[in-house]
Amino acid sequence: MKKNSLILSLLLILASLSWSATFAQTVTGVVTAADIPIPGVSVVEKGTNNGVVTDFDGNYSIELNESDAVLIFSYVGFKTQEISVEGRRQIDVFLEDEVSQLDELVVVGYKSQKGRTISGALTSVNVGNLESRRVPEVTQALQGQVAGVNITQSTGAPGDEVEVRIRGNGTIGNNNPLYVIDGIPSREISFLNPSDIKSMTVLKDASAASIYGSRAAGGVIVIETKNGGDRKGIQASYFTGFQKVTNLPNMLNARQYMQTVEQAWDNAGYEGENPYTGDLNRSDFADVDYLDELFELGRTHSAQITASGGNENTDYFLSGGYFGQDGPVVYDNDQYERINFRSNIQSNVTDRFRAGANLQASYEYKDRISSSGDAPGIIRHAFLRPPIIPVKKDPSDPTYSEEDPFTDLPFYQGPDSFESNKYEYSQNPIALAFFTDDAARTFKTFGNLFAEYSFLEDKSLTFRTNFGADINFIHNKAFAVNFGDDDGGGAARDRGLGRQNRPNGLSETRGEDITLTWNNSLNYSKEFEEHSIDALVGTEYITSKLSNLNASRARFDFTQPNFRYIDFGDTEQDLWNGGLAEEWSLFSFFGTATYSYQDKYMVTANLRADASSRFAEENQWGYFPSFSTGWMVSEEEFTEDLTWLSELKLRASWGQLGNQEIPNFAYLTLYRRDADRYLISRYGNPDLKWETTTQTNVGLDFGIIDNRIYGSVDYFKKETTDILLPISLPNFVGDVSPTFLNAGEVSNSGLEFALSYRNYDNEFKYSVSGNIATLKNEVNSLHPNLPYINGRVTRTQPGEALNSYYGFIQEGIYQNEQEIADHLDGTPNPPQKPGDIKFKDLNGDGRINDNDRDFIGNPNPKLSFGLNAGFDYKGFDFSLLFQGVSGVDRYNDLKKIIDYDTRPFNFTDRVLGSWDGEGSTNSIPRVSFTDNGSSRISDIFVEDASYLRLKNIELGYSLSLQEEIGVESVRIYTSGQNLFTITDYSGLDPESTDLIDFGTYPQSLTVLFGVNITL
């Protein structure tokens, strides 16, 4: 039997070879545009994996597999052409520019739509520009690409979140956009491989986004992943490189530090001998730059491979990818890894029936390091640690151990002898980095199964059903190692242990988060001579459930990695456990219709009705309508003589969007058990209803000189009402959590402008595009019982921007006692001293108190901008991206604690310019161990965080090795990120999104080297 099978197989192989030989045919030719040869043009035999690219002179040669072959010629910026061979041996091709961007299909709500008929505000992102961004997350690649979309990385730590804001912060709660991947909604896309993206569309106004109604108040980003019909063949890519932290401030060395703290003691006016004077020449002092000790070169690796192909009826796309980054903090405890696998398959089962599946599995690992200055604040403590304290103990020190060689308490001699008060109780950042063991793992399956059926022969009426799943399994595990010196504290059973993580302990959480989506739609699209109609109705059901279990134990006898499991902890009294589950669901009806006359006049109407389980039954339904209209002015007769005008389109829209992002069942009253009683822990509010955002947009799209120059201008106004606001109740009500109410109104308005120019007519090809957007954010009202909302350094109040900084205003430095007496004439025995900060007395009462506070800064950018440029010449390509914001402030708490604090932390060299006598300076106060005014929240620490950053630059070279080794193309490149930043901000990174900069893990300068291979 096996022998017969082998013979049959050989016969089949010989038959296929003879068949191929029978129809083997070689076609050659040259591809040009404007009489210029075009290298790198893709030439593919339709329906096969057989393809080549043109050489530097535009020549190609391809051996065909079929006698009735059709060749597909494609190149970025030109129209794709399909040409039947019909027995010809030579076919020369002239490529034409893609004249009209408005004729492209754009993926919008639940369908694709011709750009010409779209009258809402949306931007179809140039995916080609994204491909040169070697970043792990899709949203990072979007930075600087779209007007009105401000994208910032919260910190530079590997795997940390990216903040996306579309047309500003519209609410006090959740402002994140909704992502729709292959028709399935999601609240995050960090799991996506950027190289799998086929198209991306940002829906900015209510008309464009209202089809997603209930969750679209923050805008919508629609993403379509690649499929086998886009390009057939195998592609592989790899890049590696390093990261380096730059623009670090200059910290004081040991000598400067000792002189500064000596002066701070004298300025404090303490009695007795200055203890620092006698320490100036101590032999056990070190001279350490803790920033230099903390940061090293980080490493990045990325590899991926894709395979796509199929036949006329079925195509597939497979991809596998790995991204790994070891951040620049020492000891490799700030790593991030992601492994992706994607399979997209679609098939035309019949002429009318199409089905497919888009499925992705991903695994994500992230070391969770304190990246925002939060406890234990590794970055922050690198600034605080005095340079005189060595990183490690001398092996001769009796407290030294190989397991914990790091210094902890300053000059520790034993539990009763260390100099913490003199040199402060800071922590050793290098030890913190070494002992950190906090990892988060997520396994995700995300994807959809779909089927489409066209009821009519012309396929004008199509039904589509789409089922999607977003399944996440999470595992977070943190082990707190006990280390450091014994300060004599802790429980009796822990005496003698180090002060850090006393006692040791393990905390572990495992959970699952499953969201299922099922949407069905019926789409009708038909052209009747001068009329066209595109209408869609549908339903959507979403259900989500999250559950988790957590446990922790303390006092582990053995702390090696193999023993870091719950069962090895103490079982007498050091164990805790818990678990919870929550769920929500959403059911929706939606409809949209677009009518166009002569492709000149178009109107679109949308309506979505959503019912959410997060509201009481009588308020579950929310209704979100929108309307838009467009006029293609360039199609009118009176513009025919304007030969330079390619396209001119006016747009206007109005619509409403919703927001339901509050805790589940917030409308219900919650109880807690206290012994044998049940007490109210939160009062419910059955009258809770949808938060609504109303948006108006007026826009203009234009093309000049055959669309070589293309641009758009938009003005928008966005008002959010019935804001879902947590209100704290008076103390006499009891110890209860805030109750959610519909209260408050926030408005955003601004202008957006985008412009691009491209020239592909010569061997030297180039394109330039830029965008700029303004934004005005203002709180219009809050609840009558809530005149303002105070944060740690902010106040949200009607008439001001959200989360505006609020505090005192520096007027100068007191130079002498008389100036103090004159300024504080209403203050009996003022404690201020010459050299202290002089604050403005806003009400003129001679006192500095809460009545003298004012708004001192705005954390919402007033201006954002980006500039892209790309160049191509004889196989060389070059691209760059500038990105930045202006008119934004940040509260620099790190500056406060290292240059103004009254404790003996280290300082930057800015402190060398401090006040040291009358007339010496009027801006920096005296150094002192007593309050010099810096304890007040003031504009001293609110800094302009505007910046211009060279975000990305890439240089590549492509060549074809088809004849030599059968490789269609090879591209080698080098890429740089964050190469320089222009800013006045003195913190580590002006791009940080935190309202308070406690010492944020900075973004790094990155240099990468890579190769792309196409077979």
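If you're wondering where the values come from, they're calculated on a predicted model, not measured in any experiment.

Q: Honestly, the sheet that holds strand β49 (residues 942-944) in this entry has me stumped. Any pointers?
A: Spatially, the 3 strands line up as an open sheet ordered β49-β48-β53, and their pairing is mixed. The open sheet has two free edges, formed respectively by β49 and β53 (996-997), since each of these has just one partner strand. Bridge count for strand β48 (residues 889-892) against β49 is 3 bridges, and the pairing is antiparallel. Note that in β49 the partner of Tyr891 across the bridge is Val942.

Q: Explain the environment of Leu248 to me, please; I cannot follow it from the model alone.
A: For Leu248, the location among the structural elements is in the loop between β18 (233-244) and α5 (254-268). C-alpha separation for the pair Leu248 and Ile172, spaced 76 residues apart in sequence, amounts to 34 Å. With residues near it in sequence (within four places) discarded, Leu248 still touches Leu291, Phe295 and Leu988.

Q: How should α5 be read in this particular structure?
A: It helps to recall that an α-helix has 3.6 residues per turn; residues three or four apart then point in one direction. Spanning 15 residues, α5 covers 21 Å between terminal C-alpha atoms, matching the ideal 21 Å at 1.5 Å per step. Turning to α5, its buried residues are Ala254, Tyr257, Met258, Thr260, Val261, Glu262, Ala264, Trp265 and Ala268. In the core, the buried residues of α5 are packed alongside α8 (420-423). Here α5 starts with a cap whose side-chain oxygen sits 3.2 Å from the backbone nitrogen of Arg255, and that cap is Asn253.

Q: Just checking my understanding: could you explain the nonpolar core for this structure?
A: Looking at soluble globular proteins, one finds that nonpolar side chains tend to be buried together. Core analysis: the biggest nonpolar cluster contains 54 residues, and Leu294 and Ile388 have the highest contact counts within it. Contributing elements (two or more residues each) for this core: α5, α6 (290-294), α7 (378-384), α9 (429-435) and α11 (893-899). If you tally residues by element for this core, the top one is α5, at 7 residues. Those residues within four positions of Leu294 in sequence are excluded, and the remaining contacts are Pro328, Val329, Val330, Ile378, Ile379, Ala382, Pro429, Ile430 and Ala433.

Q: Looking at this structure, I do not really get the packing of aromatic side chains. What am I missing?
A: The relative placement of two aromatic rings is captured by the distance of their centres and the angle of their planes. If you walk through the whole model with that rule in mind, you get 42 aromatic pairs. Here Phe406 and Phe434 contribute two aromatic rings whose centre-to-centre distance is 5.3 Å and whose plane-to-plane angle is 50°, an arrangement assigned as tilted. Within this pair, whereas Phe406 is found in the loop between α7 and α8, its partner Phe434 is found in helix α9, the two being separated by 28 residues in sequence. Summarising the aromatic geometry, the rings of Phe808 and Phe839 are spaced 5.7 Å apart at their centres and angled 50° between planes, so their arrangement reads as tilted. Here the residue Phe808 occupies a position in the loop between β42 (804-807) and β43 (810-813), and Phe839 occupies one in strand β44 (residues 837-839), the gap between them amounting to 31 residues. You'll find Phe808 and Phe839 in the same group, each marked buried. A connected cluster of aromatic rings, assembled from ring pairs, spans Trp265, Tyr270, Tyr276, Phe285, Phe411, Tyr423 and Phe929.

Reading guide: rules and limits
Sequence order as written defines the numbering, with residues in each chain counted from 1. With the structure being a predicted model, the display of local features is reserved for residues of pLDDT at least 70 and the display and counting of side-chain atom pairs for 80 or more, all residues being used for whole-chain, interface and lining totals. Side-chain measures here rest on the full set of heavy atoms in the structure, leaving out hydrogens and waters. In short, DSSP must find at least two bridges between two strands for them to pair. Starting at the N terminus, helices and strands are each numbered in turn, a helix being any DSSP run of H or I of at least four residues and a strand any DSSP run of E of at least two. The criterion used for residue contact is that any of the two residues' heavy atoms lie within 4.5 Å. The length a helix should cover is 1.5 Å for every residue beyond the first. Burial classification: accessible surface area is computed with a 1.4 Å probe over protein chains only, and a residue below 20% of its type maximum counts as buried, one above 50% as exposed, and the rest as partly exposed. Think of a polar contact as two N or O atoms within 3.5 Å of one another; within protein, one of them needs to be a possible hydrogen donor and the other a possible acceptor, and neighboring residues in sequence only count if both atoms come from side chains. For the purposes of this section, nonpolar cores are sets of buried Ala, Val, Leu, Ile, Met, Phe, Trp, Tyr and Cys residues that join through side-chain atoms within 4.5 Å. When the centres of two rings from Phe, Tyr and Trp lie within 6.5 Å, Trp using its six-membered ring, the rings pair. Their planes under 30 degrees apart give stacked, over 60 give edge-to-face, and anything left gives tilted.

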